[in-house]
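# A structural walkthrough
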Amino acid sequence: MAENIFQEDTVSVAERLAAEALIVDVDGFEGPLDVLLMLSRTQKVDLRKISVLQLARQYLAFVEKAKQLRLELAADYLVMAAWLAFLKSRLLLPPDPTEDGPSGEELAAHLAFQLERLQAMRDAAARLMARDRLGRDFFARGQSEDVTRIRTVKYTATLLDLMQGYARIRTRDEFRPFVMDRHNVFTMEQALERMRPIMGYATDWADILSFLPEGWETDPVRRRSATAATFAASLELVKEGHMEIRQSETFAPIQIRKRTD
Amino acid sequence: MSQVPEEQEETLFEAPPMGEQERMVEAVLFASTEPVTVRDLETRMPHGCDAAEALVRLRKRYEGRGVRVVKVDDAWAIRTAPDLGYLMQKETVETRKLSRAAIETLAIIAYHQPVTRAEIEEIRGVSVSRGTIDQLLEMEWIRFGRRKMTPGRPVTFVVTSEFLDHFGLENARDLPGLKELRAAGLLENRPPPGAFSLGEREEDDEEEATSGQSELFED
Amino acid sequence: MSQVPEEQEETLFEAPPMGEQERMVEAVLFASTEPVTVRDLETRMPHGCDAAEALVRLRKRYEGRGVRVVKVDDAWAIRTAPDLGYLMQKETVETRKLSRAAIETLAIIAYHQPVTRAEIEEIRGVSVSRGTIDQLLEMEWIRFGRRKMTPGRPVTFVVTSEFLDHFGLENARDLPGLKELRAAGLLENRPPPGAFSLGEREEDDEEEATSGQSELFED
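Everything in this summary refers to the structure shown in the same document. (Residues numbered from 1 in each chain as written. Chains lettered and ligands numbered in written order. Predicted model: local features only at pLDDT ≥ 70, side-chain atom pairs only at ≥ 80, totals over all residues. Heavy atoms only, no water.)

### Brief notes about the overall build of chain A
Across its full length, chain A holds nine helices and four strands. Starting at the N terminus, the α and β elements of chain A follow one another as α-α-α-α-α-α-β-α-α-β-α-β-β. In chain A, once contacts between residues fewer than 6 apart in sequence are set aside, the share between residues at least 24 apart is 56%. For chain A, the accessible surface area stands at approximately 15,000 Å², while carbon and sulfur atoms represent 54% of it. (Helix = DSSP H or I, 4+ residues; strand = E, 2+ residues; numbered from the N terminus. Contact = heavy atoms within 4.5 Å. Areas by Shrake-Rupley, 256 points an atom, 1.4 Å probe, with all protein chains shown as cover.)

### Let's talk about the overall build of chain B
A count of helical and extended segments in chain B gives 10 helices and seven strands. The buried share among the 219 residues of chain B stands at 46%. For chain B, the proportion of contacts with a sequence separation of at least 24, taken over those separated by at least 6, is 47%. Of the roughly 11,500 Å² of accessible surface on chain B, a fraction of 49% belongs to carbon and sulfur atoms. (Buried < 20%, exposed > 50% of the residue type's maximum accessible area, 1.4 Å probe, protein only.)

### Some remarks on the sheet that holds strand 6 (residues 156-159) of chain C
All names here are of chain C. Overall, antiparallel pairing links the three strands, which are arranged 4-6-5 in an open sheet. Among the strands making up the open sheet, the edge pair consists of strand 4 (115-116) and strand 5 (142-144). Where helix 5 (residues 100-112) meets the sheet, its contacts fall on strand 4, strand 5 and strand 6, and the angle it forms with strand 6 comes to roughly 90 degrees. Along the sheet face, helix 7 (residues 130-138) touches strand 5 and strand 6 and points at about 105 degrees away from the line of strand 5. (Pairing = 2+ DSSP bridges. Axes fitted to C-alpha atoms, helices over the stretch in contact; angles between N-to-C directions.)

### Quick word on the packing of helix 6 (residues 104-129) of chain A against helix 5 of chain C
Contact geometry of helix 6 of chain A with helix 5 of chain C gives a least axis separation of 9 Å together with a crossing angle of 100 degrees. What the angle tells us is that helix 6 of chain A and helix 5 of chain C run roughly perpendicular. Each of Arg117, Leu118, Met121, Arg122, Ala124, Ala125, Leu128 and Met129 of chain A in helix 6 of chain A lies in contact with helix 5 of chain C, whose residues at this interface are Arg100, Ile103, Glu104, Leu106, Ala107, Ile108, Tyr111 and His112 of chain C. Of the residues in the contact of helix 6 of chain A with helix 5 of chain C, the class split is 11 nonpolar, one polar and four charged. (Parallel < 35°, antiparallel > 145°, perpendicular 65-115°, else oblique. Nonpolar A, V, L, I, M, F, W, Y, C, P; charged D, E, K, R; others polar.)

### Things to note about the pairing of strand 2 (residues 67-72) of chain C
Residues and elements named next belong to chain C. When strand 2 meets strand 3 (residues 75-80), the two strands line up antiparallel, connected through six bridges. Paired with Val69 across the two strands is Ile78, which belongs to strand 3. The turn joining strand 2 and strand 3, which pair antiparallel and follow one another in sequence, is formed by two residues; a positive phi near 60 degrees is taken by Asp73.

### Details of helix 5 of chain C
All names here are of chain C. A rise of 1.5 Å per residue sets the reference length of helix 5, with its 13 residues, at 18 Å; its end C-alpha atoms lie 18 Å apart and thus fit the reference within 8%. Taking burial as the measure, the 13 residues of helix 5 include 12 buried ones, the bulk of the element. Buried residues of helix 5: Ala101, Ala102, Ile103, Glu104, Thr105, Leu106, Ala107, Ile108, Ile109, Ala110, Tyr111 and His112, and no others. (Expected span 1.5 Å × (residues − 1).)

### A few points about the interface of chain A and chain C
In this complex, chain A contributes 46 residues to the contact, which on the side of chain C involves 61 residues. Among the residues of chain A in contact with chain C, Arg117, Met121 and Phe139 of chain A are the three that bury the most area, contributing 15% of the side total. Scanning the region where chain A abuts chain C turns up five salt bridges. Glu30 of chain A is the partner of Arg100 of chain C in a salt bridge, and the nearest nitrogen-oxygen pair spans 3.8 Å. Scanning the region where chain A abuts chain C turns up 11 residue pairs in polar contact (both at pLDDT 80 or more). (Buried area = accessible area lost by both parts, 1.4 Å probe. Salt bridge = Lys/Arg side-chain N within 4 Å of Asp/Glu carboxyl O. Polar contact = N/O pair within 3.5 Å; in protein donor to acceptor, adjacent residues only side chain to side chain.)

### Here we look at the sheet that holds strand 4 (residues 254-258) of chain A
Residues and elements named next belong to chain A. Read from one edge of the open sheet, three strands run 2-4-3, paired in antiparallel fashion. Looking at which strands have only one partner, the edges of the open sheet turn out to be strand 2 (206-207) and strand 3 (243-247). Sheet topology note: the strand 2/strand 4 ladder contains two bridges and is antiparallel. Bridge pairing links Asp207 to Gln255 in strand 4. Of the strands in this sheet, strand 3 and strand 4 touch helix 9 (residues 220-239), which is tilted by about 125 degrees from strand 3.

### A look at unusual backbone geometry
Note the cis peptide between Gln113 of chain B and Pro114 of chain B, where omega equals -5 degrees. In this fold, Pro114 of chain B is placed in the loop between helix 5 (100-112) and strand 5 (115-116). Its identity as a non-glycine residue notwithstanding, Glu140 of chain C has a phi of 60 degrees, on the positive side. When you line up the elements, Glu140 of chain C lands in the loop between helix 7 and strand 5. Glu140 of chain C gets classed as partly exposed once you look at its relative accessible area, which sits at 36%.

### Quick word on the pattern of salt bridges
Going through the model one piece at a time under the given rule, you end up with 38 salt bridges over all chains. Its salt-bridge partner being Glu121 of chain B, residue Arg117 of chain B comes within 3.8 Å of it at the nearest N-O pair. Separated by four residues within a single helix, Arg117 of chain B and Glu121 of chain B lie in helix 6 (residues 117-124), roughly one turn from each other. We classify Arg117 of chain B as partly exposed; its relative accessible area is 30%. Residue classification places Glu121 of chain B among the partly exposed positions, given a relative accessible area of 25%. The partner of Asp165 of chain C in a salt bridge is Arg79 of chain C, and the shortest N-O contact between them spans 2.7 Å.

So this is what it looks like as structure tokens:
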């Protein structure tokens, strides 16, 4: 058997040269299938009529040449070589009736199919990229119109956001529940609660600081929180149409009063 | 691009026919992000074109249509006919990205439904504000599921068919698992220190998902 | 909202004339940069309108003009005629240069969708890098499809309507050469005969031989 293969293994000069040419550019290939597709072109026939046996020889010559040049080929190139050597022996030897498994012809046909399919996808990709394209050959409206002032906010998210969000939670190195000391925090809700019953009396402009709750004016931390909450609550009341707010200049006192109309 | 070479040759000597010039002006006004001046039009169009004349014709062509060719200062633009302005309200919808908190909450509901608020907080590691849940309910991306059979019988949340619609999913189970997220490059490759492997976690997820779904159909 | 109540009253009984409906569709399509669905059109138009019919007429009206009415998936948009692209150098958007791997992966997803990562790798004969899928997802040219009903229920990828819009396709069935490829059997997911599959190269040969054979007789 070994002798048989050996005799069949004589590779033509042309194939040797083709292999050498491939070696020069092995980094430019995307793997064994890519190399096989390239080699198959040298047969100058329809991919459906390709001789897989010849292809196997060419590929083995390519790997052999690489070895001679002491070139490191990636493992998958060598695995493919081993498989093609196996395929070659199957194709050359008469089928062994005691052996199970697909015949050499079946294996060869599948390889030819894979090559044809890959080539077809490459052609399809090229045709796709050569199409008229949005933003290059044809164009969308340059200026979408903005005619009414009614503005509704619509919240949206993409599936990618969702998944990244989930991934973020599930891979968080450690999570520490965030505990806040609420002792010195005056919330906007509290401020609103405080202001609602008394705002009816604010017919004249009054500094919002006069609305701070008792006991919050002196301690700087508490005062800051209460001021922020009162300010936010004032804005809320203005938004609801109950109050008016003004500030004469930057950093001047902020004043509010009941809306009169 | 699809112009025949001879035609292009010709334009060196002779301007394209007026109908063709009208098409050019139409396309440029449509695609431009701002109004275009006659001069600008002519520098873009083949030599010898009369953009002003093409504009007059185009303007006439659009008379009475849903859009019009209008002059803005000394430039030209295509604008909606004023009587149809009411149709354009939707164009002013402002889309904003959901907040990170909302996205995370939504993701947890999608992956773990039916899930209670306490469970969401446990997974996120922070408390979930009422506003976040309310917002998702209002968007109709989540709804209340059945109550959990645990003490206090807390309500649960599940995602809605609107949610599936928006994200192009047929079923919440079509959401990619952690392994796939990682394969797609959405997860850092390094496993979190001290945590179980991602594979194990995914199994957990799947179990939860199935038990969740069965619960959904229990009664 | 700005509709006069009497008008609304009227539309309960009678839709506006078709010419008027055509104007409305024209205005909405012109105002939007994104494709608009028939459903969306009809919710904006007065009650009783037939947006689909108005679209057919509008499309005809714009035949041969500088802009065209095109269908993208289940939505409609106005786009400039491709032969006038050379006038729009100013508007041209630089698209990110895609690697050969990304282009091939995109084509495989488009022609084989819904397709799993393993199937893409089987076709290309090399593994798909994380960055490639990620990039295509980010460009919104592909998205996750439903899971495959095979062991492990792997996620699949499909192309989006943004993809169709970008390449001027009405739907994925219009991909160039699709019919021929299908007729030639090149879109089939043909399992390798027994022992060896290129996708599984790393595995032990002997193991493959046995597992592969049983697979052969399974179907």
